[in-house]
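Geometric and topological summary
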Amino acid sequence: MSTSPVRAAVSRHPGRKLHLEELHLAGPGPGEVRVRIAAAAICGSDLAYIDGEWESPRPAVFGHEAAGVIEAVGSGVAGVGIGDRVVVTLVRRCASCRHCVRGDPVACEGEFSLDRNTPLTDLSGAAVHHGLGVAGFASAVVVHGSQTVRIGAGIDLEVAALLSCGVLTGVGAVLNTARVEPGSHVVVLGCGGVGLNVVQGARLAGAATVTAFDPDRRKRAAALRLGAGRAVTSGEDPAAGVSEATGGEMADYVFVATSSVAAVETAFGLLAPMGALVLVGMPPTGSTAPLDVGNVAALNQRVLGSKMGSCRPADDIPRLADLYNRGQLELDGLVTGRYPLEGINEALDSARCGEGVRNLVVMEEDLVA
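Calculation notes
Residues numbered from 1 in each chain as written. Predicted model: local features only at pLDDT ≥ 70, side-chain atom pairs only at ≥ 80, totals over all residues. Heavy atoms only, no water. Helix = DSSP H or I, 4+ residues; strand = E, 2+ residues; numbered from the N terminus. Rg over C-alpha atoms; globule rule 2.2 N^0.38 Å. Buried < 20%, exposed > 50% of the residue type's maximum accessible area, 1.4 Å probe, protein only. Contact = heavy atoms within 4.5 Å. Areas by Shrake-Rupley, 256 points an atom, 1.4 Å probe, with all protein chains shown as cover. Lys, Arg positive; Asp, Glu negative; His and termini not counted. Charge placed at Lys NZ, Arg CZ, Asp CG, Glu CD. Polar contact = N/O pair within 3.5 Å; in protein donor to acceptor, adjacent residues only side chain to side chain. Pairing = 2+ DSSP bridges. Axes fitted to C-alpha atoms, helices over the stretch in contact; angles between N-to-C directions. Right-handed = clockwise from strand over helix to strand, strands pointing away.

1. A short note on the overall build of the chain
Each helix and strand in the chain was counted, giving 13 helices and 18 strands. For 369 residues, the compact-globule estimate of 2.2 N^0.38 gives 21 Å, and the chain sits close to it at 20 Å. Projecting the C-alpha coordinates of the chain onto the three principal axes gives extents of approximately 65 × 40 × 40 Å. The 369 residues of the chain split such that 55% are buried. Pairs at least 24 residues apart make up 69% of the contacts formed inside the chain by residues separated by at least 6 positions. Taken as a whole, the chain presents about 15,100 Å² of accessible surface, with 50% of it coming from carbon and sulfur. The centroid of the 30 positive side-chain charges in the chain is displaced by 2 Å from the centroid of its 39 negative side-chain charges.

2. Focus: the side chain of Thr 89
Looking at where Thr 89 falls in the secondary structure, it is placed in the loop between β6 (85-88) and α2 (98-102). Thr 89 sits in the buried class, given a relative accessible area of 0%. Here the side chain of Thr 89 touches Val 91 through a polar contact of 3.0 Å, landing on its backbone nitrogen. If we skip the residues at most four places from it in the chain, Thr 89 touches His 64, Val 134, Gln 147, Ser 164, Pro 313 and Ile 317.

3. Re the sheet that holds strand β15 (residues 271-279)
Ordered by their spatial adjacency, six strands build an open sheet running β13-β12-β11-β14-β15-β16, and the pairing between neighbours is parallel. The open sheet has two edge strands, β13 (230-232) and β16 (302-305), and neither has a second partner. Mean inter-strand twist for the sheet, computed between neighbouring axes without regard to direction, equals 20 degrees. Bridging between strand β11 (residues 185-189) and strand β12 (residues 209-213) involves five bridges; their strand directions are parallel. Note that in β12 the partner of His 185 across the bridge is Thr 209. The sheet contacts of helix α8 (residues 238-246) involve β11, β12, β13 and β14 (251-256), and relative to β12 the element is tilted by about 160 degrees.

4. Let's talk about the pairing of β12
Most of β12 is tucked away: five of the five residues are buried. Because side chains alternate across β12, one face comprises the buried residues Thr 209, Thr 211 and Phe 213, and the other comprises Val 210 and Ala 212, equally buried. Between the parallel pair β11 and β12, the chain is carried across by helix α6 (residues 195-205), and the sense of this crossover is right-handed. For β12 and β13, the ladder comprises three bridges, and the chain directions are parallel. Following the sheet pairing, Ala 212 is matched in β13 by Ala 231.

5. Details of the sheet that holds strand β8 (residues 127-130)
Within the open sheet, the five strands sit side by side as β1-β2-β7-β8-β4. Their pairing is mixed. What marks the edges here is a single partner per strand, and that holds for β1 (3-10) and β4 (60-61). Here two bridges tie β4 to β8, and the two strands are oriented parallel to one another. Within β8, the residue paired with Val 61 across the bridge is His 130.

This is how it looks when you write it as structure tokens:
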């Protein structure tokens with residue numbers, strides 16, 4: 001199979017700097033496409049893999065929140081073609097397993113050639129792991145066709161990249177996983193890139209109150225700007241803050257949008273009877289939290305997991321792009337730093353320190369608009 005050179009940020013050891021290298025990228029096989037990447041955002045999941053909190057083979061190219069332009073198409077690909085502007089996600093859809101048939105591609109059980117054979121090799125011919133099934137910290141990627149969703153010209157590719165994970169996960173947790181009803185009381189624990197989009201989702205759902213918790217004053221300010229009615233610091237009593245915001249009724253939905261296990265423990269004390277705790281953040285592998293089973297049963301409460309906002313990318317991404325174009329969904333204000341690929345380590349350090357909501361690695365300036 002023919003290959004072409006790509007520039008990529010390679011992780012060779014957990015917790016260390018990424019190396020800019022030239023790699024070989026195989027051409028797209030059946031059902032696959034090659035996308036020239038315009039921009040990729042840095043997500044907490046990328047950091048968890050790079051820093052070794054979650055296990056992954058090395059060397060690897062990570063990055064999964066990306067957008068670009070399709071430049072090659074393998075056989076059997078439908079719905080997208082060469083020249084299409086697309087958002088690239090980590091969600092693959094085989095279309096035939098029981099989950100895909102039900103319309104739940106985030107739980108797809110299908111087998112893909114890309115799961116067995118990475119399209120990336122270094123100059124010596126050694127395999128480089130296809131991180132998160134995207135490997136988006138690179139000038140180009142090869143992914144399954146179902147991982148791409150075509151978008152219109154009304155949205156720049158650098159902000160469109162946010163739709164592939166952070167926005168999709170946060171808004172989706174509200175609208176798809178929890179299905180928050182108008183008039184509900186919503187609490188959001190953690191106001192990073194995903195948590196702020198939970199806030200946006202709660203606003204879109206018509207929540208009566210949205211109370212956001214985060215220790216960082218800048219993120220609390222962003223939560224208020226994006227739809228929260230109250231933003232509470234970690235120094236305040238969470239239960240008292242929620243009680244005051246809801247008139248003593250407490251929360252119908254508590255979204256834990258942080259990897260902190262302590263936040264999960266806090267969340268149970270904020271729930272009203274019949275309330276739902278929605279786990280959106282991903283803690284390190286093996287993390288556990290105590291659960292008062294009798295209390296949860298007696299109060300008819302629920303615990304819901306939310307992977308990627310229970311999304312259906314082919315439906316949800318165009319819907320989110322339309323909300324952005326109509327001025328109902330904020331994207332531009334979520335971008336707090338733009339870096340070239342050569343500056344990716346600086347971008348990662350900034351994200352680790354919590355300095356911004358979403359840092360973007362811009363690969364191709366001429367593709368962004």
